Amino acid sequence: MPEHPHDKLYVPPPPPISVSPCDLAYAELQVTTNFSFLQGASHPEELAHTAARLGYRAIGVTDHNTLAGAVRMHEAAESCGMPLVIGTRISLTDAPDLLVWPEDRAAYARLCRLLTLGKSRVAKGEFQLSLAEFLDGVQGPGVQGFGTQGFFVALTRPHDTIADLYDALKDRLSLVLSVHYTTDHSIDLEQISRYAARFSVPLLATNDVHYHDQIRRPLQDVLTCIRSGCTIHAGGHNLFPNGERYLKSPAQMHHLFASLPQALRRGIDIARACTFKMTDLRYDYPHELVPAGLSPIQHLRNLTIAGALSRFDSHIPDSVRLLIEHEFKLIEQLHFEYYFLTVHDIVVFARSRDILCQGRGSAANSAVCYCLGITNVDPTQIDLLFERFISAARNEPPDIDVDFEHERREEVLQYIYAKYGRQRSAMCAEVISYRGRSAVREVGKALGLSLDQVDQMARRLDWWHRGVLTSEQVQQAGLDPHDPTVKKVLDLAQQILGFPRHLGQHVGGMVMTHTALCELVPIANAAMENRTVIEWDKDDIDTIGMIKVDCLGLGMLSVISRANHLINPSITGRDTAPQKASPLALSPTDASVYDMICDADTIGVFQIESRAQMSMLPRLKPRCFYDLVIEVAIVRPGPIQGDMVHPYLRRRCGEESVSFPSEALARVLGKTLGVPLFQEQAMKVAMVGANFSAEEADQLRRAMAQWRKNDKIQVFKQRIIEGMLGNGYTQEFADQCFRQIKGFCEYGFPESHAASFAHLVYVSAWLKRYHPAAFCAALINSQPMGFYAPAQLVRDAIDHGVQVRAADINHSDWDCTLETPTPDAPLSPRLRADFGSRGPAVRMGLCMLKGMKQTVIEAMIDSRNRQGNFASIDDLQQRTRIGRTTIRQLAEADAFGSLGLSRRKALWNALALEDEARPLAESATLFDDSATLLPAMPHGQEVLTDYATIGLSLKDHPIALVRSELKKARVMTCAALNQMSHGSRVRVAGLVLIRQRPGTASGIVFITLEDETGIANLIVRPNIFEQYNDAARFAAVLECEGTLERKDKVIHVMAWKLTDLGHLTSSLAFQSRDFH
Amino acid sequence: MLAQARANCPLLRVVEHEPLADRQALLAVARWCFRFTPIVQLDLPDLPDDANLAHHNSLHFEPKAAHPRKQLRTRSKLLGFELAHHTCLYLDLTGSAHLFGGADPTIRLIQSAFRRFCITCRIAPGLTPGHAHALTFQTHSQISSALSSALSPIPPHSIPSHRRSAQTPAATSLNHLPVAALRLNDLLLSTLHHLGVHTIGLLRALPRDKLPARLGTLALKRLDQLDGKLAEPLTPVEPFAPILIKRHWDFSVDSIDTLRPVFDDILARLTRELHRRGRGVTHALLTLSRHYEEPLIRDLRFARPASNVKDFLRLIQLSTDHFTQETAKKKGRRTVKTNGDVIAPAGFTAAEIRVVTSVPLVQQQTQFIDTQDEDLRTAAVHLTESLVSRLGNPSVARADPVESFLPERAWHELPAISHQSRAHHNLPEHATSPLPWLDAPLRLHAPIEVRAVVSPSEDRDGKPIQITWPSGRVTPIPHAVGPIRVSGEWWRDHTKTRDYFHIHDNQGQYYFLFRVLDSSRWFLQGQ
């Protein structure tokens, strides 16, 4: 996916141009950034920039047991020319903390190994290393020609181990000395220097920096409280007594250490001696995939040609041949052969295991990727722009993202771990940072607000909030915005935004190396079992020039795979040729599929099931594959903000003539009717219209992606407009082009990515058209995914004539399955046409029941398959030894229909069971008709209990139960909205299906309601949303008064009043205590 | 939830729910009901923690109409004769109702009394406890009609079960009541709910023999108790037994010293009782009654739970000393003023000791090696007790450490004798000194501003060499240790930073001095 420009919660201010000159030499070598989670209170950038402004000679980062912040610190230091010493602070189990700075690449490698060792045996976030192990690692073998040379080590406080350390490290050891005014420092300095002199260990003056400026002291205190889980009032002596741990000016430091100039000089000496730079790191791809005797490019070429032959039925078109040659030239020039081979290897593995996969993103621009089977975008159908993928100008790794079935992705990841080993492969990290919610929650707690107050505040911040609360929101949360504590909470929460909280896993990025990865970056255990993660995130590895392969999970691939297996039960085995059976190999040409899409009948279809997409479909009327590509790309913030949607629609409907300012541009924009919709087109417009080279165009793209960060885009603006004027275009057209290009800054889709996705759109739509039952079952089995809950999917399937049957112990499997429908079933004409009377029916799986355990249920199904159906509840228990609780849950979910037992009767029988099965003779429920004395369950309660236990009901819709009351209140059905005219006042009510707040809709919230007749789409303006905040935000059943808006086939209700109808269902729930 | 409520109603007053306090209050209410009958049963939901009710047996319920809510912090409307599902009071009025003019008037009396206490409750008379409980689920009019008819003269549960008919006439009329009226637990209620068995009648309709296997025995037991088929004797609340030792005599005694044998006797009885209960006294009241005058009342507060005669005698001695002198003076005055008056001298006629609070005694080894230390501790206890008995508890305070870097915030005041300390429990051993990294001064007082000369003079880190007192007196400082920098507690809006110094003058006098960093003003905070 293209990255979202807003993702950065913290955007550093521009760095100082250079390091300020300063007569007094000082290098600060002990700096804790906020990558020492919950300890440092400043970003690396703040520290580096401040050091530059103060005129430091060097700054040394020493985060606690980690190098996680090293890359960001490196970048920040580079940006202002500040010399940086990479280091870390290692906590030992049997000695005080040590500060360690590697001098060169080899020492850095050993440091990474040490950190990896300390992290490998403990859970995520912890560290364990003894002094002996440390000394071992520092001197250890494995790195040629280095003894203790290569490291500078400093002991953080006087300790008995100083003698041992001195023996091992000799003149590389120092003793840290800081002045924080916690004792009389004149006495302290004297005592410590006498102590150090006794062991002839030089002193090193540092300030143990925790923040760049004194104003961060409150934040540092709060972080300490969050770390130790107390409030600030109980912080006591855990906090620092004063705020001295900031970056002091060299003059201040010289003043403090006036009596010990050698301690200041030591810092300069160390900084000078440590020549290691992050740029020394070289990354190399795994080599072993190339057979002996072949050069990597030869091997890649062989594989590609073989793939191309099978893709194009033994006849490779010339155009493709040209493309491939062009790509090979670049690949060879930039040495990316190994990278392609690694990805190919992974894909081949997935194929061999029958795991569906498909490349996405810019990789789809490569014909080589297509031939290797990584992507599915046919280069003969779509114009590829290889420079979007790899460019010689930016010598940086390409980005290949591959989607796998989300439930089987772990197999692929474990394959990679197994193939390259834990020392050579790991997942990329993702830095989890404070966002609005977590910031307010944790800071509020630390400042002593009660849990429910904090909750109320945090709840008002939805995921889309990137700032903190406004004073109105604070008031709604029941707090006084002028209260000093609340003010402090908001202020500190604002400061903490974007602070790293801990390291998570990247969604799927795997990093593999030829030599040891753990000598490049420390590897730690992830919270998840069997996963190891490096300490750097994707930006960091980009900076270092490492490549990752993104192995992503995609739910729709699971759905397609499952549906495929449901339709063709025979292909479950691995022996069939998976290539032939691949459902992704469909040719996107079936007209009736497009008919269905044009009718916006797309619930469950990949990408085009959202409300915005569904309202676009009837207007866009896609008729061919390329229309789908456009459809996927057009409902995106980029085209919307660039104002390209409406011009395109008008041209498409023939309301506006399609004209091109020049022949050259007609070639670029022809297929999108003169409106640029893709990133590639924007680049090509710049190339064709304003004479940009391919590389410059790529720079333009990157500038677009980060225009909020810097003003580079302005430089390009001038170039584009001047270039276009020079080529004879009008000023007006040039301006418009630039506006559109800028629109992509928000969120543009590359055409190749859209094409990859459009392929899945077609395949899923085809399934929905021809196999609605299998599609529905596969969707439900792959939950959670997509926009819709099982209730809506089932309902949609029923609307398409599919029979859906209730879950039952004698018929259901764990997953939903297909069954033959009864012959007299009312099938829709379309289904009858497709299937005759044999169309399939869906049997709901027991996975839909709440609280079921898969292993238990599968054991039960196994017994049923072997010994036949269960004759009674006793029989069930006898044979399967299922616990009483599970049977009770099955009974409450009405799963005993095939035994002729209603909910209450089944429960009555289930209650009589012992926890352990008894011999048959003693069974209590045999020939027992006492259950008939139970009162029958009222209809309404049946429906509500269905919802409580399965999440949907096949019996009735909850709103139908209160219809008579709604009628009295003059509430109309959703279906009745179709008969209303534009502008009329309406009143509808229903279950809230979806609340959506697109970033492009300037705060408008879209709510979808459902009643027994259909759905109603509400548009809620921000002022209305705030006015009826609680109902709009939290209600499960909503009544809406508003104005009907109608355009083409699309109907909306513009809300002006919202009411929570919770009381109506709670009056039903009076019968059912379980319906929440 | 709460914040939502607060947002809707800004004036909402919120009081934390205290289950233990509730329980104590309920027990007190139950005891208050002893005035109607000696048999009062209190059914309570189980307390989650190991709260010890006996611990608080000294509490009494003194209904004050003016502050009823303070006495009973209950979960809103629940308190009364039916509280939540399970909390209720059962009064056996058999044989005592006639004292209040019959059953009806008794109930009305109870009702009005509870209304006065502002306790909302539902009251119903019944033939058995189960019956009465079920009846509280009736509507008001149904209850009042039941009031006039239902009370039988003989307590049903005292009749052996085989002599009663299978179903009393009152019971059948209860079929329409919800099953919740049966005193069932939540789990059972939810099962019944799922089965659609909402009323007692529906439950009765189910075959009896099928019930135990499915619902357990409780449901049937409750049904039978409702019908009176199963006896349900009440377990009365233990009456509150205060420890109160009293002794009268017929003549009046002038001098307290003469009372010594009396005290010996009272205290011997008191300590016997305490030993029997295994408790030590922390607070007791000594009352000496006098003819024609206010009784003499003395508060006896113990820093350590007291259980032997010696401890008591010492405090009694201490607290009455003063009185002896006072009366001696008064007597002298009186003889001067009212010469030849016939008023009998105000001699003592009775002595009484009442235990107000007591705690269970814990056996502790007191002497093994550390005898000296223990002696010192005992001496400190005696001193505290003496001071308190002379000056009154609120007048004597002790400092309790609080973790803070600011000296004036590093402690807080507690009454000298209090058996709680806020900070004590979560403070580590070493943190008892207010400034762990700094020798605390002997005396800490409010800062006094002084002027100081610093050397080197332009240096903000310089040390003081001379201070000038507000009076103008100049003291040279030959030796200073510091600065030790302490920043203010910003979360209390105290943002100034101080530099502390320990200084000595030429006489060896020791001062605790600080400079406010921003203003460079100097203050003396301790000596």
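Only a predicted model underlies this, so the values are computations on that prediction, with no experimental measurement involved.

Q: Which residues make up the overall build of chain A, and what values go with them?
A: A tally of regular secondary structure across chain A gives 46 helices and 22 strands. Within chain A, buried positions represent 59% of all 1076 residues. In chain A, of all internal contacts separated by at least 6 residues, the share reaching a separation of at least 24 is 73%. Roughly 42400 Å² of accessible area belongs to chain A as shown, and the carbon and sulfur atoms make up 51% of that amount.

Q: I'd love a proper account of the confidence of the model for chain B, names of residues and values included.
A: Parts of the model with low pLDDT should not have their predicted coordinates read in detail. Residues and elements named next belong to chain B. For chain B, the average pLDDT comes to 72, and 70% of its residues sit at 70 or higher. Under a pLDDT of 50 for its full length, residues 47-85 has, in the predicted model, 84 contacts with residues more than four places off or in other chains. In the model, residues 333-344 has pLDDT below 50 throughout and makes three contacts with residues more than four positions away in sequence or in other chains. Model confidence for the complex is summarised by a pTM of 0.74, with the ipTM given as 0.71.

Q: Break down the packing of aromatic side chains for me, with residues and values.
A: Residues and elements named next belong to chain A. Scanning all chains against the criterion turns up 25 aromatic pairs over all chains. Between Tyr-594 and Tyr-762, the aromatic rings sit 5.7 Å apart at their centres with planes inclined by 35°, giving tilted as the arrangement. Pair noted here: Tyr-594 is in helix α23 (residues 591-598) and Tyr-762 is in helix α33 (residues 751-770), with a separation of 168 residues, a long-range link. For the pair Tyr-594 and Tyr-762, a shared accessibility class is recorded, and that class is buried.

Q: If you had to explain the sheet that holds strand β15 (residues 803-805) of chain A to someone new, which residues and values would you point to?
A: All names here are of chain A. As summarised here, the arrangement of the three strands in space is β15-β17-β16, forming an open sheet in which the pairing is mixed. Of all strands in the sheet, those with a lone pairing partner are β15 and β16 (817-819), marking the two edges. Neighbour-to-neighbour, the strand axes of this sheet turn through a mean angle of 30°, independent of strand direction. As defined by bridge partners, β15 adjoins strand β17 (residues 841-843) across three bridges and the pair is classed as parallel. The residue bridging Val-804 from the neighbouring strand is Val-842, located in β17.

Q: Can you explain the confidence of the model for chain A? Please cite residues and give values.
A: Residues and elements named next belong to chain A. Per-residue confidence for chain A gives a mean pLDDT of 82; residues scoring 70 or more make up 89%. When the criterion is pLDDT under 50, residues 1-6 qualifies, and its contacts beyond four places in sequence or with other chains add up to 17 contacts. Counting contacts from residues 1069-1076, a segment whose pLDDT is below 50, to residues more than four positions away or on other chains yields 18 contacts.

Q: Residues and numbers for the packing of helix α34 (residues 772-781) of chain A against helix α35 (residues 790-799) of chain A, please.
A: Residue and element names in this part refer to chain A. Taken N-terminus to C-terminus, the directions of α34 and α35 make an angle of 175°; their axes are 10 Å apart at the nearest point. Relative to α35, the element α34 lies roughly antiparallel. Residue-level contacts link Cys-776, Leu-779 and Ile-780 of α34 to Pro-790, Leu-793, Val-794 and Ala-797 of α35. Residues of the contact of α34 with α35, tallied by class, amount to seven nonpolar, no polar and no charged.

Q: Give me the lowdown on the interface of chain B and chain A, citing residues and values where you can.
A: If you look at the interface, chain B gives 46 residues, while chain A gives 59 residues. Its largest share of buried area at the contact with chain A, chain B owes to His194(B), Arg214(B) and Trp490(B), together 20% of the area lost on that side. Connecting chain B to chain A are three salt bridges. A salt bridge links Asp493(B) to Lys488(A), with the nearest nitrogen and oxygen atoms 2.8 Å apart. The tally of links between chain B and chain A comes to 16 residue pairs in polar contact (both at pLDDT 80 or more). Take the side of chain B that touches chain A: its biggest share by element is eight residues, from strand β12 (residues 479-487) of chain B. Class assignment for the residues of the side of chain B that touches chain A results in 25 nonpolar, 11 polar and 10 charged.

Q: Give me the lowdown on the nonpolar core, citing residues and values where you can.
A: Core analysis: the largest hydrophobic core is formed by 140 residues, its most contacted members being Phe134(A), Phe340(A) and Trp536(A). Among the elements that take part in this core, helix α12 (residues 337-352) of chain A stands out by supplying nine residues, more than any other. Discounting residues that sit within four places of it in the chain, Phe134(A) has contacts with Ile90(A), Leu92(A), Leu98(A), Val100(A), Leu114(A), Leu129(A) and Val153(A). With 126 residues, the next largest nonpolar core counts Ile603(A), Ile887(A), Leu135(B) and Ala219(B) among its residues.

Q: Tell me what's going on with the pairing of strand β22 (residues 1050-1060) of chain A, and back it up with residues and numbers.
A: All names here are of chain A. Looking at chain direction, strand β20 (residues 1014-1020) and β22 are connected through two bridges and run parallel. Looking at the pairing, Ile-1019 lines up with Met-1054 of β22. By the bridge criterion, 10 bridges tie strand β21 (residues 1037-1047) to β22 in an arrangement that is antiparallel. Bridge pairing links Thr-1043 to Met-1054 in β22.

Cut-offs and rules
- Residues numbered from 1 in each chain as written.
- Chains lettered and ligands numbered in written order.
- Predicted model: local features only at pLDDT ≥ 70, side-chain atom pairs only at ≥ 80, totals over all residues.
- Heavy atoms only, no water.
- Helix = DSSP H or I, 4+ residues; strand = E, 2+ residues; numbered from the N terminus.
- Buried < 20%, exposed > 50% of the residue type's maximum accessible area, 1.4 Å probe, protein only.
- Contact = heavy atoms within 4.5 Å.
- Areas by Shrake-Rupley, 256 points an atom, 1.4 Å probe, with all protein chains shown as cover.
- pLDDT = per-residue confidence, 0-100.
- Phe/Tyr/Trp six-rings, centres within 6.5 Å; stacked < 30°, edge-to-face > 60°.
- Pairing = 2+ DSSP bridges.
- Axes fitted to C-alpha atoms, helices over the stretch in contact; angles between N-to-C directions.
- Parallel < 35°, antiparallel > 145°, perpendicular 65-115°, else oblique.
- Nonpolar A, V, L, I, M, F, W, Y, C, P; charged D, E, K, R; others polar.
- Buried area = accessible area lost by both parts, 1.4 Å probe.
- Salt bridge = Lys/Arg side-chain N within 4 Å of Asp/Glu carboxyl O.
- Polar contact = N/O pair within 3.5 Å; in protein donor to acceptor, adjacent residues only side chain to side chain.
- Core = buried A, V, L, I, M, F, W, Y, C linked by side-chain atoms within 4.5 Å.

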